[in-house]
Amino acid sequence: MKILFFQWHSFMNQGIEGALKRLTIDYDIFFYQFADWETDDRFLELFQKQLRSANYRLVLSVNFSPLISKVCEEAKISYIAWVYDSPLHIRDLSAFSNSYTKVYLFDRGQAEEFKKKGFHAEHLPLAVDPQVFRQATFEQDTAEYNCDIAFLGKMYQTEYQYFKAPLNEYLQGYLEGIIGAQMKIYGGYLIPELVTQQLLDKMNVDYAKYASDGFQMGQQELEYMLACEVTGRERYIALALLSEHYKTDLYSEEKDERLTYVRYCGYADYYKQMPRVFSQSRINLNISLKAIRTGIPLRVLDIMGCGGFVLTNYQEELAEYFVPGEECVIYESLEDMFEKVRFYITHDEERKRVANNGYEKVKRDFTFDSRIKTMFEDYAVKG
């Protein structure tokens with residue numbers, strides 16, 4: 001029996017394929033890049049045709065597609081989605097309830113929220129395959145990637161100021177209060193509790209005075225915008241602070257002109273450049289999107305899988321799966337972050353020891369083989 005592995009321009013494709021081959025699971029690949037994950041007639045036509053071409057027992061995808069779920073439900077074929085995003089950027093989540101669909105979320109907090117709603121959601125941490133990055137990490141060391149601190153990721157330059165401007169002074173202050181409260185909390189996600197229906201109603205009264213198109217702010221949209229704004233502010237402050245004292249490189253498609261001491265390096269290819277950044281930088285900084293409630297971001301595992309040293313904000317699951325100070329280093333405030341940077345920059349052997357321990361840990365306990373087995377065990381998929 002074959003499985004169908006749906007691919008798009010996502011991370012983890014090579015790691016999953018390697019595991020499928022090692023586990024001798026017969027599979028085909030169907031590649032398609034959605035313009036809209038929820039409405040795409042061309043995809044439905046092509047995907048239905050693909051499913052009819054062989055006796056597939058199961059469809060697997062990275063991240064969740066309502067359209068795949070719909071087709072699999074109609075064809076009575078099991079569908080597994082393994083999600084590395086939090087939150088999910090899907091408007092209509094009704095397909096989560098489809099009887100042939102099962103979704104594995106890396107963020108346990110998010111999985112618990114979906115379970116409360118009756119969705120078929122389970123928690124499963126992400127994985128990393130160091131062999132995928134091996135060639136790039138073992139290439140000759142070059143000055144191009146050497147630095148004290150590297151940060152790879154979005155700067156989350158949001159439209160928050162645009163959406164705040166039409167609001168009255170009280171509501172503007174209230175939103176700033178939410179942002180301020182969330183910035184002080186590490187390991188907790190307060191925003192959903194603070195974005196009440198009463199707040200949304202008051203905001204939408206103000207928007208109605210100015211929006212000729214009838215715009216109304218939704219809860220999901222406001223929560224995500226605030227989470228991105230908090231994350232963007234924290235990333236800016238961290239990089240501004242560190243770059244005044246250390247050689248700091250930023251790998252991102254977004255450039256913040258205020259970061260005058262940061263070396264902007266542009267986009268880093270996931271398979272070719274990213275491994276060299278992580279392996280050759282002295283400290284790799286991870287600042288998680290605030291919407292991630294408890295989970296270990298893929299970025300943290302990728303850093304360790306490349307043999308890099310990771311300094312990351314606190315996440316509940318990080319402290320459960322890793323030994324802080326032995327396999328990774330966790331900070332609990334920006335002040336704590338700065339002090340730990342200062343220590344590990346001047347203690348090379350200790351930094352290398354932690355990086356090596358982290359590498360060995362993910363190589364042993366965060367494998368794609370074990371994750372695929374977990375996902376497939378309920379379906380008794382055999383080669």
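Keep in mind it's a predicted model, so treat the numbers as computed, not measured. (Residues numbered from 1 in each chain as written. Predicted model: local features only at pLDDT ≥ 70, side-chain atom pairs only at ≥ 80, totals over all residues. Heavy atoms only, no water.)

Observations regarding the packing of aromatic side chains
Aromatic ring pairs are defined here through the distance separating the ring centres and the angle between the ring planes. Following the criterion strictly, the structure yields 32 aromatic pairs and no others. Relative to F43, the ring of Y32 lies with its centre 5.2 Å away and its plane at 55°, an arrangement referred to as tilted. Highlighted residues: Y32 in the loop between β2 (27–31) and α2 (41–52) and F43 in helix α2, separated in sequence by eleven residues. For the pair Y32 and F43, one class covers both residues: buried. Ring geometry for F309 versus Y344: centroids 5.0 Å apart, planes at 45°, classification tilted. Here the residue F309 occupies a position in the loop between α12 (298–305) and β11 (310–313), and Y344 occupies one in helix α14 (residues 334–345), the gap between them amounting to 35 residues. The exposure classification of F309 matches that of Y344, with both residues buried. In this arrangement the basic side chain of R258 is found over the ring face of Y236, its NZ or CZ atom lying 3.8 Å from the centre. (Phe/Tyr/Trp six-rings, centres within 6.5 Å; stacked < 30°, edge-to-face > 60°. Helix = DSSP H or I, 4+ residues; strand = E, 2+ residues; numbered from the N terminus. Buried < 20%, exposed > 50% of the residue type's maximum accessible area, 1.4 Å probe, protein only. Lys NZ or Arg CZ within 6 Å of the ring centre and 35° of its normal.)

Examining the nonpolar core
Grouped together as the largest cluster of nonpolar side chains are 109 residues, with contacts concentrated most on I16, F43, W82, I372 and F376. The biggest single contributor to this core is helix α10 (residues 219–243), with six residues. Membership of the second largest hydrophobic core comes to 27 residues, among which are L239, L250, V341 and I345. (Core = buried A, V, L, I, M, F, W, Y, C linked by side-chain atoms within 4.5 Å.)

Re the sheet that holds strand β1 (residues 2–7)
With parallel pairing, the six strands of this open sheet are ordered in space as β2-β1-β3-β4-β5-β6. Two strands close off the open sheet at either side, each with one partner strand: β2 and β6 (121–123). Averaged over all pairs of adjacent strands, the angle between strand axes in this sheet comes to 20°, irrespective of strand direction. Note that β1 and strand β3 (residues 56–62) share five bridges and pair parallel. When the sheet's bridge partners are listed, F6 is paired in β3 with S61. Its contacts with the sheet place helix α4 (residues 108–116) against β5 (101–105) and β6, and it is angled at close to 155° to β6. (Pairing = 2+ DSSP bridges. Axes fitted to C-alpha atoms, helices over the stretch in contact; angles between N-to-C directions. Contact = heavy atoms within 4.5 Å.)

Let's talk about the sheet that holds strand β9 (residues 263–264)
Taken in spatial order, the six strands line up as β9-β8-β7-β10-β11-β12 in an open sheet, and their pairing is parallel. Every interior strand has two partners, whereas the edge strands, β9 and β12 (329–331), have only one. Note: strand β7 (residues 147–152) against strand β10 (residues 281–286), four bridges, orientation parallel. Each bridged residue has a counterpart across the sheet, and for C147 the counterpart in β10 is S281.

A word on the side chain of N286
Mapped onto the fold, N286 is located in strand β10. Of note is the side chain of N286, whose polar atom sits 2.8 Å from the side chain of T312. Excluding residues that lie within four positions of it along the chain, N286 makes contacts with P297, R299, V300, V310, L311, T312, N313 and Y331. (Polar contact = N/O pair within 3.5 Å; in protein donor to acceptor, adjacent residues only side chain to side chain.)

Thoughts on the pairing of β5
Here β5 lies mainly inside the structure; five of its five residues are buried. Because side chains alternate across β5, one face comprises the buried residues T101, V103 and L105, and the other comprises K102 and Y104, equally buried. Here strand β4 (residues 78–83) runs beside β5; their pairing, made up of five bridges, is parallel. The partner of W82 across the bridge, within β5, is Y104. Note: β5 against β6, three bridges, orientation parallel. For L105, the partnering residue across the bridge sits in β6 and is H123.

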